Amino acid sequence: MKIEVAKRAGFCFGVKRAVKLAYETAAKSRQAVCTLGPIIHNPQVVKDLESWGVKAIEKPSRVKNGVLIIRSHGVHPRVLQQLRAKKGLTIIDATCPFVTKAQKAAACLRDEKRQVIIIGEKEHPEVIALKGYAGRDSMVFNHKSVKVGPRIGVLAQTTLSTDDFVKALKYLGSKTNDIHLINTICRATQVRQQDTMQLAKRSDLMIVVGGRNSANTSRLAEMCRKVGKPTYHVETEDELKARWFSKAGLVGVTAGASTPDALVRKVVSRIRDITAKKEKPVKGLKVQKVQ
Ligand code: SF4
């Protein structure tokens, strides 16, 4: 049995940067350090940061003083304003530059006096923040019917799949001709999706590593299932089951943008261990010494 890891899998630039900032801040700060929401959608990383004294705080009202790190998803402009007004609070903004670009795109479409439509997940923190830049009459497209005005501006959550973007655009295009479209899907997401799809097509089985609360990891698992391959989404190597690998010739492994490389390595190593134990010597096979 062979194991192949997708060419591009695991931590993306924005997540790597945010996590690095969090560890560096924890190491040098003399004040309490917190993040607004979990720094990334990976429970293992969040837990490890807690051991460094970095707490994830859900409500901005709970943050009083010390150091606050804004995660790569960014934050609603009103919340940012409230936080900046707090005396004794140092803000470290780890918003991914690509998310900042999407926020600027939303503001630009709003300034053009268009109704801004964001294609993405309504409850995702990045989308909630984007909506703050997109203006009051903006809305999140959910593939169901939406009331579309005559002049619209369209953008996407950075981790949206290209397929979902195209599908939504087809629908919106059938409602109005006046569309200013800004493609804000991040390249890191696109290449992870492309590499995963290529690997899934060749593999007998796919293992997707990452937080269950990670939208982009769940999307990778969804895509693998769509090409008809048995797919298991695991957070750690402890969830792997030997029976999954009984008939697999090639096992593909991929990981979302919020999955640390070390976790992927642990999963690969455990698959090797599990499958090595299973490979029993073939009965009746005599080994001849080659002279
Ligand atoms: S997926 Fe893209 S936009 Fe999102 S954090 Fe990573 S690099 Fe930034």
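The structure this text deals with has already been given above.
A brief look at the structure comes next. Source: prediction; values computed, not measured. (Residues numbered from 1 in each chain as written. Predicted model: local features only at pLDDT ≥ 70, side-chain atom pairs only at ≥ 80, totals over all residues. Heavy atoms only, no water.)

### Quick notes on the site of the ligand
Item 1. In the vicinity of the ligand, the residues found are Cys 12, Gly 14, Cys 96, Phe 98, Val 99, Thr 158, Thr 159, Cys 186 and Thr 189.
Item 2. More than half of the atoms of the ligand fall within 2 Å of the grid points belonging to the largest cavity.
Item 3. For the shell around the ligand, the per-class residue count stands at five nonpolar, four polar and no charged. (Near = heavy atom within 4 Å. 1 Å grid on protein atoms, 1.4 Å probe; cavity = no way out; pocket = protein on both sides within 12 Å on 5 of 7 lines; lining within 4 Å. Sits in = over half its atoms within 2 Å of the grid points. Nonpolar A, V, L, I, M, F, W, Y, C, P; charged D, E, K, R; others polar.)

### Details of helix H4 (residues 97-111)
Item 1. Its 15 residues place the ends of H4 21 Å apart at the C-alpha level, agreeing with the 21 Å of an ideal helix rising 1.5 Å per residue.
Item 2. Taken together, the buried positions of H4 are occupied by Val 99, Ala 102, Gln 103, Ala 105, Ala 106, Ala 107 and Leu 109.
Item 3. Each element contacted by the buried residues of H4 is listed here: strand S6 (115-119), helix H5 (125-134), strand S8 (151-156) and strand S9 (178-181).
Item 4. Just downstream of H4, Lys 113 is the residue with a positive phi angle, here 65 degrees. (Helix = DSSP H or I, 4+ residues; strand = E, 2+ residues; numbered from the N terminus. Expected span 1.5 Å × (residues − 1). Buried < 20%, exposed > 50% of the residue type's maximum accessible area, 1.4 Å probe, protein only. Contact = heavy atoms within 4.5 Å.)

### Digging into empty space enclosed by the protein
Item 1. One pass over the full model with this rule turns up three cavities of 30 Å³ or more.
Item 2. The calculated volume of the largest cavity comes to roughly 300 Å³.
Item 3. What lines the largest cavity is a set of 24 residues, and nearest its centre among them are Cys 12, Val 15, Ser 72, His 73 and Thr 159.
Item 4. Of all the elements in the fold, those that place two or more residues in the lining of the largest cavity are helix H1 (13-28), H4, helix H7 (187-202) and helix H8 (215-226).
Item 5. In terms of residue count, H1 provides more of the lining of the largest cavity than any other element does, three residues in total.
Item 6. Its residues placed into classes, the lining of the largest cavity shows twelve nonpolar, eleven polar and one charged. (Points joined across faces, edges and corners; volume = space filled by probe spheres on them.)

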